[in-house]
Amino acid sequence: MTEQEKQAILEKVKTWFREVIIPNHIKNTLKLANPSEFDINPFLVPYIAAFLTGELTPQSVAKALLYPRVLGSSITTSFGQNMQTFISEVLNSYGSLVQGIDIEFTDALDGRKKYCQAKLGPNTINKDDVETIHNHFRQAKNLGKTNNLPVQQHDLVVGILYGEPGQESSHYKSLRDKHDYSLYIGQDFWYRLTGDPSFYSELKKAIADIAVEAKGADMLNELADILAQTEVIKRLVG
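To keep things clear, this report deals only with the structure shown in the data block. All of these numbers come straight from a predicted model, not from anything done at the bench.

Before going further, it helps to examine the packing of helix α1 (residues 3-30) against helix α3 (residues 58-81). At a minimum axis distance of 10 Å, the contact between α1 and α3 shows a crossing angle of 130°. It follows from the interaxial angle that α1 and α3 lie oblique. Both α1 and α3 take part in a crossing whose hand is right-handed. For the pair formed by α1 and α3, the contact residues are W16, F17, I21, N24, H25, N28 and T29 on the first element and V70, S74, I75, S78 and F79 on the second. Looking at the contact of α1 with α3 residue by residue, the classes come out as 6 nonpolar, 6 polar and no charged.

Moving on to the sheet that holds strand β1 (residues 103-106). Strands belonging to one sheet form pairs held by backbone hydrogen bonds; the direction of such a pair is parallel or antiparallel. Pairing is mixed across the open sheet formed by 4 strands, whose spatial order is β1-β2-β3-β4. Sheet topology places β1 and β4 (182-185) at the edges, where each strand pairs with a single neighbour. The mean angle between the axes of side-by-side strands here comes to 35°, regardless of whether they run parallel or antiparallel. Both β1 and strand β2 (residues 113-119) contribute to a ladder of 4 bridges, which runs antiparallel.

Attention now moves to a nonpolar patch on the surface. Taken together, L44, Y47, I48 and F51 make up a surface patch of nonpolar side chains, about 440 Å² in accessible area. In this structure, F51 sits in helix α2 (residues 44-53).

Phi is positive for D180, which is not a glycine, with a value near 65°. Within the secondary structure, D180 is located in the loop between α6 (170-177) and β4. Looking at D180, the relative accessible area reads 37%, which means it is partly exposed. With a phi close to 50°, K215 is a non-glycine residue in the positive phi region. Inspection of the secondary structure assignment puts K215 in the loop between α8 (199-213) and α9 (216-228).

As a further point, take the packing of α2 against α3. The geometry of α2 relative to α3 is characterised by a closest axis approach of 8 Å and an angle of 100° between their N-to-C directions. Compared by their axis directions, α2 and α3 come out roughly perpendicular. Here V45, I48, A49, L52 and T53 of α2 come into contact with α3, specifically with S60, V61, K63, A64, L65 and Y67. Grouping the constituent residues of the contact of α2 with α3 by class yields 8 nonpolar, 2 polar and 1 charged.

Procedures and definitions
- Residues numbered from 1 in each chain as written.
- Predicted model: local features only at pLDDT ≥ 70, side-chain atom pairs only at ≥ 80, totals over all residues.
- Heavy atoms only, no water.
- Axes fitted to C-alpha atoms, helices over the stretch in contact; angles between N-to-C directions.
- Helix = DSSP H or I, 4+ residues; strand = E, 2+ residues; numbered from the N terminus.
- Parallel < 35°, antiparallel > 145°, perpendicular 65-115°, else oblique.
- Left-handed = near helix turned anticlockwise from the far one by under 90°.
- Contact = heavy atoms within 4.5 Å.
- Nonpolar A, V, L, I, M, F, W, Y, C, P; charged D, E, K, R; others polar.
- Pairing = 2+ DSSP bridges.
- Patch = residues over 30% accessible without salt bridge, like charges linked within 9 Å, V, L, I, M, F, W, Y side chains within 5 Å.
- Areas by Shrake-Rupley, 256 points an atom, 1.4 Å probe, with all protein chains shown as cover.
- Salt bridge = Lys/Arg side-chain N within 4 Å of Asp/Glu carboxyl O.
- Buried < 20%, exposed > 50% of the residue type's maximum accessible area, 1.4 Å probe, protein only.

All we've got here are geometric facts, nothing functional implied.
Below, the structure written as structure tokens:
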């Protein structure tokens, strides 16, 4: 892969975050100005608020409610839901015509063509997915035999976009240990895809650069002020 092609992927990632992830994240964040969006534990939330800021005030309670949602479940859900968009828009040049295979690429380390199921992270499949992925790979291998394509067992791989070896769930381990499919995790996946061992780090930096554009800190402060003025939050403080 040329430097120009690698930069093109980075720009596609930035565009995807700018046009898909950030707008959804902002939309979901703005909903949180209403206390009814939270399942409030009246014992635990004041404790967390005081633990977080060292004081119990409407502002600290608002932050204790906002931070876990905005910085945790909200963005994680949005990213996961848009995973297929990521594959189609960012990795579109590697798209596969083989049913059940997300992308095809020539492995930069061994030079073999790989048929890849792309997954988000090391804990993002469940037990049922194992059999589904196995069936997709089995169909791809049979298609290779029919069309006289030299598809070997280790040409069928699971590409995990982020994470480190050792973090993979038992379901991924089942694909590797029981079904003998290779797992390419995080830096290893992007290295094999692009041929650049530092690409994974560049990718993470590109995403962080885009986050600055969202001006999330200002938004969170404004939302905390609005939330802190509601009667529900004031009653939690007493």
